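# Observations on the three-dimensional arrangement
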Amino acid sequence: MKSQYYSKKIGVISFCLFILFFITSCAARYNRYGLPQYNYTYQIPQQLDDGWQTSTLDAEGVEPAKIDEMMGKILKGDIDNIHGIVVIKNGKLVFEEYFDGFDRKTQHRIFSASKSVTSILIGMAIDREIIKGVDTRVYEFFPEYEGTKWVDRQYAINLEQVLTMTAGLNWNDWKYPGYDSRDTTRQMTLKGDWLKFVLNRDTIEPAGKQFAYNNGLTMLLGGILKNASGQNAINFAEKNLFTRLGISDYTWDTGNGGIANTAWGLSMKLRDMAKIGYLYLNGGKWNEKRIVSEEWVKASVKDHADQDVFLGTGYGYQWWCGKSKINERVVETFYAAGHGGQYIFVCPALDCVTVFTSKWIGNSLGEFRPQMLLVNYILPAMLPPATPQVINPDPATLQKYAGDYEFPKWELKATVRRRGDRLFIDLPKSTEKEIRPLDENEFLYSLKGYGDVRLEFTEDGTGQIAQMVAYFGYANIAFRKKT
């Protein structure tokens, strides 16, 4: 009887301990909103036989606290739709994390980041004198397309103008959604011969004058490479680029007629995407072996546009470039960018390559999220912290900033209000939120799901506030103040 009593008592105690453990576990895993909550523990990336040496954040001068902060927000769901992040610092793989079922073995669609890889292939062909140079007229590569407008009219469009998307074609990418029948790229994909479709487009302005994003031009690059080398882009890349970088697990889609989809068809693993970035960080070398000329790398990542290409960013030979103010320092970056937030960022000043992959369907404004994670967390972790300042703008100064602002191009509106010695901003489809002062004319606005946006107020020649510029990642929007 006594043994049964103690047995029952132990059973009750065990059950109570189990319930206590369960409650504690749930409390640790779920926050007060019922969302999963996790504590992040950094782990050095696994050393593999893939060409990368691994190291720790600390050993390469990366502040772990900023990375922990970023990971905490991702894991709690404050920042979503990220599939993977890889960071190379000082030539070492120091950070690698995956989400939503993705891992290091997964090929990920990189969409228009494929364009930057295509640019490398063109550079390699020029290095080998397979292609004469960027001044070559494009129609010369396509004698088999006699009867098209480009060839018959001998359009004065050269290879450089195709690379920089300044060909002056009648093309409307970015104007309509990709599924819209009016979208020129969609019209191209419904044709049997994509190259013929592009070569039959009219010009609407002189070549070399105006940037206009154009998937068809990148498809022409694949056709140029095939006609000049006798190999399609996939075979040329396999032999001359991927094999030399130790990249073997990838997929490159084709369009109608079997032509390589050089505009958006490549899928790669993140570690291999990082090799593309590191190749350019090293001026065209991999493991001390020349892959593509340094001259081509420099020309590729230089801004060739004479105007604002897209919200303050520039464009080279199928590579984007931009700069952002981080911890009181202006940092320049060039990058390959793909739909939905697929990125290869290269920051030479910090000896850093960062790769992001993201959800590509139902990810509104997903292109900006990786930019903001890079600028708000990863690059600040590699720089000395900003000098702490106590900023208390006087009410009269704050009152100057109050008012209504607009960005007519996108019909965006914002209202800034002063309450005492504090400023608040009201944006459409968002609740009013306080903006925190960084300086007398600079403030921070926290955009849910993305990160901090820096707001800068500027005056006109009379001392009146003329605009409010919102900086997010490498883009910016200049809101005009309404009078």
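The structure we're discussing is the one just above.
Anyway, here's the lowdown on the structure attached to this text. Because the structure is a prediction, the values reported are computed rather than measured.

## Let's talk about the overall build of the protein
Looking only at helices and strands, one finds 13 helices and 21 strands in the protein. With the principal axes as the frame, the protein shows a C-alpha extent of 100 × 70 × 45 Å. Expressed as a percentage of its 483 residues, the buried residues of the protein come to 51%. Accessible surface for the protein amounts to roughly 23,400 Å². Of this, 50% is attributable to carbon and sulfur atoms. Distance from the positive charge centre (57 side chains) to the negative charge centre (56 side chains) of the protein: 5 Å.

## A word on the sheet that holds strand β10 (residues 320-326)
Strand pairing in a sheet relies on backbone hydrogen bonds. The paired strands run either parallel or antiparallel. The eight strands are arranged β1-β3-β2-β13-β12-β11-β10-β9 in an open sheet whose pairing can be described as mixed. The open sheet has two edge strands, β1 (53-54) and β9 (314-315), and neither has a second partner. Inspection of the sheet shows β1 paired to strand β3 (residues 92-98) by two bridges, in the parallel sense. Paired with Q53 across the bridge in β3 is K92.

## Concerning the pairing of β3
Summarising burial for β3: six of the seven residues are buried, a large majority. Judged from the six bridges that link them, strand β2 (residues 82-89) and β3 form a sheet pairing that is antiparallel. The residue bridging V86 from the neighbouring strand is E96, located in β3. Counted along the chain from β2 to the antiparallel partner β3, the turn is two residues long, and its residue N90 has a positive phi close to 55°.

## What to know about helix α2 (residues 64-76)
For α2, with 13 residues, the first-to-last C-alpha span of 18 Å sits near the 18 Å given by 1.5 Å per residue. Considered for burial, the residues of α2 that qualify are P64, I67, M70, M71, G72 and I74. Looking at the buried positions of α2, the neighbouring elements they touch are β2, β3 and α12 (368-378). Two or three places before A65, at the opening of α2, E63 has a side-chain oxygen 3.1 Å from that residue's backbone nitrogen. Positioned one or two residues after α2, G77 has a phi angle of 90°, which is positive.

## A closer look at the pattern of salt bridges
Tallying each qualifying case throughout the model produces 23 salt bridges. Measuring nitrogen to oxygen at the nearest pair gives 3.5 Å for the salt bridge that ties E69 to K66. Here K66 and E69 lie together in helix α2, a separation of three residues that amounts to about one turn. The exposure class assigned to E69 is partly exposed, which follows from its relative accessible area of 36%. Given a relative accessible area of 25%, K66 falls into the partly exposed group. Linking R422 and E434 is a salt bridge whose minimum nitrogen-to-oxygen distance equals 2.8 Å. With a gap of 12 residues between them, R422 in strand β16 (residues 422-426) and E434 in strand β17 (residues 433-437) connect regions that are remote in the sequence. Residue class for R422 comes out partly exposed when judged on its relative accessible area of 40%.

## Section: empty space enclosed by the protein
The final tally for this structure, using the stated rule, is one cavity of 30 Å³ or more. Approximately 50 Å³ is the volume attributed to the largest cavity. Looking at the largest cavity, the residues that line it are M165, T166, A167, G168, L169, W171, E205, Q210, A212, N214 and L217.

## Remarks on the side chain of S114
Along the polypeptide, S114 turns up in helix α3 (residues 114-127). A relative accessible area of 0% means that S114 is categorised as buried. A polar contact is formed between the side chain of S114 and the backbone oxygen of F111, at a distance of 2.6 Å. Excluding residues that lie within four positions of it along the chain, S114 makes contacts with T262, A263, W264, G265 and L266.

## Looking at the nonpolar core
Residues L241, F242 and I276 are the most contacted members of the largest nonpolar core, which totals 124 residues. Excluding its chain neighbours within four sequence positions, the residues that come into contact with F242 are V117, A237, I247, Y250, W252, L266, M268 and I276. Counting residues in each nonpolar core, the second largest holds 25 residues, with Y405, F407, L455 and F479 among its members.

Cut-offs used in this document
- Residues numbered from 1 in each chain as written.
- Predicted model: local features only at pLDDT ≥ 70, side-chain atom pairs only at ≥ 80, totals over all residues.
- Heavy atoms only, no water.
- Helix = DSSP H or I, 4+ residues; strand = E, 2+ residues; numbered from the N terminus.
- Buried < 20%, exposed > 50% of the residue type's maximum accessible area, 1.4 Å probe, protein only.
- Areas by Shrake-Rupley, 256 points an atom, 1.4 Å probe, with all protein chains shown as cover.
- Lys, Arg positive; Asp, Glu negative; His and termini not counted.
- Charge placed at Lys NZ, Arg CZ, Asp CG, Glu CD.
- Pairing = 2+ DSSP bridges.
- Expected span 1.5 Å × (residues − 1).
- Contact = heavy atoms within 4.5 Å.
- Polar contact = N/O pair within 3.5 Å; in protein donor to acceptor, adjacent residues only side chain to side chain.
- Salt bridge = Lys/Arg side-chain N within 4 Å of Asp/Glu carboxyl O.
- 1 Å grid on protein atoms, 1.4 Å probe; cavity = no way out; pocket = protein on both sides within 12 Å on 5 of 7 lines; lining within 4 Å.
- Points joined across faces, edges and corners; volume = space filled by probe spheres on them.
- Core = buried A, V, L, I, M, F, W, Y, C linked by side-chain atoms within 4.5 Å.

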